[in-house]
Amino acid sequence: MRSLSVWVTLALAAFVAAVPSKDGVHKVRESISSPRGWTKTKRAPADHIIELRIALPQPNFGQLEKHLDEISDPFHERYGQHLSKAEVEALVAPHPENIHEVNEWLASHGIYEDGLSRSPAKDWVLVRVPVSVAEEMLKTEYHVWTHDASGDAVVRTTQYSLPSYLDGHVETVQPTTFFSRMKSLKSSIRIHDEEQEATLKAVAAADTPPINVPSASGGHVDASCNKTITITCLQQLYNAVGFTPSTAHGNQIGITGYLEQFANIADLQLFYKDQRPDALGTNFTTVLVNGGLNNQSSAEAGAEANLDTQFAYGLTFPTPGTFWSTGGRPPFKPDSLTTSNTNEPYGDWLDFVLSQENLPQTISTSYADDEQTVPVDFAKRVCNEFAQLGARGVTLLFSSGDGGVGDGQEDPARQRCFTNDGRNITRFVPLFPPACPYVTSVGGTIHIPETAVDFSGGGFSDVFPRPAFQQRAVSQFLKTLAPGTYEGLFNPNGRAIPDVSAQADLFRIFLSGRPVSIGGTSAAAPTFAGIVSLLNSARLSKGLPPLGFLNPLVYAIQQYKPDAFNDITVGNNPGCGTPGFNATKGWDPVTGLGTPNFGKLKDILTLDLDLLKVEGV
């Protein structure tokens, strides 16, 4: 089999040599320092197949952004008038000249229409070529790079070039300089033994007075919720007791799955039996993307996938749920000459969902990368893809991270927050995609009354400027900082995260047939997504459109109806050798605007939105 692949590579190389080259003079498109934490081990095998993603310009993206601003602004007359798939694609399509020039370049390397694929808007081109061809196309050398801590390996380069005539026709090519390592955002798993399980049941059954919480349903929350978070706890705490979503108006909720995290159906049934018996026997739809799998063996059940699906679908039952299992785990095993995809799987998932006509109105993701490890051009393009979904009426929620302002380490002697730009200086580490302004970033709380959980990710983007919708709230927070606070450690003009928050620890799920307790902002994101889905159900039942891109709305609500969120004012998020930021009145980079009060939000979004507009004006 290896000899065949070598023959194919030689044949392709011979064919390319016979094609007149239009390459001309090449210009360096991107060059980076050797990334911190990675070691270059050897040249990549010439016949290793790599899938190049080529981004063409989106010359009318500004128009799409204008549409998105208007239809997401609760004070605008177009609020809620989302665009169709076709309308969005027309707004992000490249010019015919862009397509022609890229086609000419590909043809000069023997790549024609039948050897590539395109996104529906034709703004991305995907080609699968041997490393030897990619090196010729990009005038570079690919190497196998090994991650020092994990041993994972990827095929990457630190510099690539493009023909000068492609200036203005190609925005980025990946994988080239992309050294990110996607991670799930769960901070801990605690498995209950029989004695602990008996203790938890005794606490739940004990006649302990409930905790007084004025904003909760009935003004109180079960005392057991300070030990274990269940569906009932979240319904009580966030004032959602008694609301049953409708299945009559097309409302749906989606969960993304990566890194071979499998949502186990048998565990879901145990969870339902334990916490949601009326849902017993029901299921969700699994959609496989880019070679994703659906391994249902108990041993392969994923803690992340189970947490996301059990709580998102448990909160929103009987709303139909979708779980996308996306392939494309980044590591490449250099000794096997595998041809598996080494791309970041976000792109593969976006390719798939953007090609679908009908999508869930609410989608939660509990995976992220350090922002500094994602090439800036690529991060901006992926962020633009999220904007397309927002314009189509989809709310995207992402966990804000589990490292506080960076690595979760308060001790300066042990912190690991160093830049990877060759300077190796200490700096806070925001995450991507949570730093993209077109997604809603969800931080974490713990206990009742709620305080900030110390691992709640928060801070300021070094890539994306602060958007107008959060300018007022974030500026007020920055004014509370003493002059010089953390100077040089963060970008005070950057997009600020998180936007909102929810409970993020002590969640009781079932994993491989056993109850476990799990925590992380990966618990907060599906929780907040569940509340958003309930709000969508309430709106759709009244003939109103779904919420779509959420951020301009939640910041407006917090300004004019602040009791719709539970303001968290206690706690901090240490990291990078510092105590991090403090939770405080109003927005803060630990818990954002706070946690949701479903009852208040439902009234505003189904009854009082006109009043909100009057107060806003």
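Residues numbered from 1 in each chain as written. Predicted model: local features only at pLDDT ≥ 70, side-chain atom pairs only at ≥ 80, totals over all residues. Heavy atoms only, no water.

Trainee: Mind showing me how you'd approach the overall build of the protein here?
Mentor: Broken down by element type, the protein carries 15 helices and 29 strands. For the protein, the proportion of its 617 residues judged to be buried stands at 59%. Summarising the internal contacts of the protein: among those between residues at least 6 apart in sequence, 81% fall at separations of at least 24. As presented, the protein carries roughly 23300 Å² of accessible surface, and 52% of it is formed by carbon and sulfur atoms. (Helix = DSSP H or I, 4+ residues; strand = E, 2+ residues; numbered from the N terminus. Buried < 20%, exposed > 50% of the residue type's maximum accessible area, 1.4 Å probe, protein only. Contact = heavy atoms within 4.5 Å. Areas by Shrake-Rupley, 256 points an atom, 1.4 Å probe, with all protein chains shown as cover.)

Trainee: Looking at this structure, how should I read the pairing of strand β14 (residues 253-257)?
Mentor: Two faces, one strand: in a regular strand the side chains alternate between the faces of the sheet. Of all five residues in β14, five are buried; the element is thus mostly enclosed. By the alternation rule, side chains of β14 split into Ile253, Ile255 and Gly257 and Gly254 and Thr256, which are all buried. Note: β14 against strand β16 (residues 321-326), five bridges, orientation parallel. Bridged to Ile255 within β16 is Phe323. (Pairing = 2+ DSSP bridges.)

Trainee: I tried to follow helix α4 (residues 96-107) on my own but got confused; where do I start?
Mentor: Spacing of three or four residues puts side chains on the same side of an α-helix, whose turn is 3.6 residues. Here α4 spans 16 Å end to end across 12 residues, near enough to the 16 Å set by a 1.5 Å rise per residue. The complete set of buried residues in α4 reads Asn98, Ile99, Glu101, Val102, Trp105, Leu106 and Ala107. Where α4 is buried, its residues contact β3 (49-55), β4 (116-118), β5 (124-130), α5 (131-138) and β8 (159-163). (Expected span 1.5 Å × (residues − 1).)

Trainee: Mind showing me how you'd approach unusual backbone geometry here?
Mentor: Backbone phi values are negative for most residues with the exception of glycine, while trans is the configuration of most peptide bonds. Cis geometry marks the peptide bond from Gln174 to Pro175, where omega comes out at 5°. Within the secondary structure, Pro175 is located in the loop between β9 (172-174) and β10 (183-184). The backbone of Asn239 sits at a positive phi, close to 60°, despite the residue not being glycine. Note that Asn239 resides in the loop between α7 (231-237) and β14.

Trainee: Just to check I follow, could you spell out the environment of Asp563 for this structure?
Mentor: Within the secondary structure, Asp563 is located in the loop between α14 (551-560) and β28 (565-566). The class of Asp563 is partly exposed, set by a relative accessible area of 42%. The spatial distance from the C-alpha of Asp563 to the C-alpha of Asn597 is 7.7 Å, given a sequence separation of 34 residues. With residues near it in sequence (within four places) discarded, Asp563 still touches Asn597 and Lys600. One polar contact links Asp563 to Lys600, side chain to side chain, over a distance of 3.3 Å. (Polar contact = N/O pair within 3.5 Å; in protein donor to acceptor, adjacent residues only side chain to side chain.)

Trainee: Just checking my understanding: could you explain α14 for this structure?
Mentor: Burial analysis of α14 places eight of its 10 residues in the buried class, the great majority of the element. Restricting attention to buried positions, one finds in α14 the residues Asn551, Pro552, Leu553, Val554, Tyr555, Ala556, Ile557 and Gln558.

Trainee: Would you explain the sheet that holds strand β2 (residues 38-43) in this entry?
Mentor: Strand pairs in the sheet, formed through backbone hydrogen bonds, run parallel or antiparallel to each other. Taken in spatial order, the three strands make up an open sheet running β2-β6-β7, and their pairing is antiparallel. In the strand order of this sheet, the two ends are held by β2 and β7 (153-156), each with one partner. Pairs of neighbouring strands in the sheet enclose a mean axial angle of 35°, with direction left out of account. Pairing between β2 and strand β6 (residues 143-147): five bridges, direction antiparallel. The partner of Trp38 across the bridge, within β6, is His147. (Axes fitted to C-alpha atoms, helices over the stretch in contact; angles between N-to-C directions.)

Trainee: What's the story with the packing of aromatic side chains in this structure? I'm lost.
Mentor: One pair of aromatic rings is described through two measures. These are the centre distance and the angle between the planes. Counted under the stated rule, the structure contains 29 aromatic pairs. Centroid distance Phe428 to Phe581: 5.8 Å. Interplanar angle 80°. Geometry classified as edge-to-face. With Phe428 in the loop between β19 (395-399) and β20 (431-432) and Phe581 in the loop between β28 and β29 (595-596), this residue pair connects regions lying 153 residues apart in the sequence. The pair formed by Phe428 and Phe581 is uniform in burial state, with each residue classed as buried. If you follow Arg53 out to its NZ or CZ, it ends over the ring of Trp124, 5.1 Å from the centre. (Phe/Tyr/Trp six-rings, centres within 6.5 Å; stacked < 30°, edge-to-face > 60°. Lys NZ or Arg CZ within 6 Å of the ring centre and 35° of its normal.)

Trainee: Explain the sheet that holds β9 to me, please; I cannot follow it from the model alone.
Mentor: Spatial strand order, β4-β5-β3-β9: four strands in an open sheet with antiparallel pairing. Every interior strand has two partners, whereas the edge strands, β4 and β9, have only one. Along the sheet, successive strands turn relative to each other by an average axial angle of 20°, direction set aside. Taken together, the three bridges between β3 and β9 define a ladder with antiparallel strand orientation. Of the residues in β9, the one forming a bridge with Ala55 is Thr172. Sitting on the sheet, α5 is in contact with β3, β5 and β9, with an inclination near 125° to β5.

Trainee: Would you explain the side chain of Gln310 in this entry?
Mentor: As for its position among the elements, Gln310 is in helix α9 (residues 303-316). Look at Gln310 and you get buried, because its relative accessible area is 0%. Among the polar contacts listed, one links the side chain of Gln310 to the backbone oxygen of Phe510, at a separation of 2.9 Å. If we ignore the near neighbours within four places in the chain, the residues touching Gln310 are Ile231, Asp267, Leu268, Phe271, Ile509 and Phe510.

Trainee: What is the right way to look at the pattern of salt bridges in this model?
Mentor: Opposite charge on two side chains permits them to pair, given that their charged atoms come into close proximity. Within this structure, the stated rule accounts for 20 salt bridges. When the shortest N-O distance is used, the salt bridge between Asp167 and Arg29 registers 3.6 Å. Placement of the pair is Asp167 in the loop between β8 and β9 and Arg29 in strand β1 (residues 26-31), with a sequence separation of 138 residues. Taking the relative accessible area as the measure of exposure, Asp167 reaches 36% and is therefore partly exposed. Connected via shared salt-bridge partners are Lys27, Arg29 and Asp167. (Salt bridge = Lys/Arg side-chain N within 4 Å of Asp/Glu carboxyl O.)

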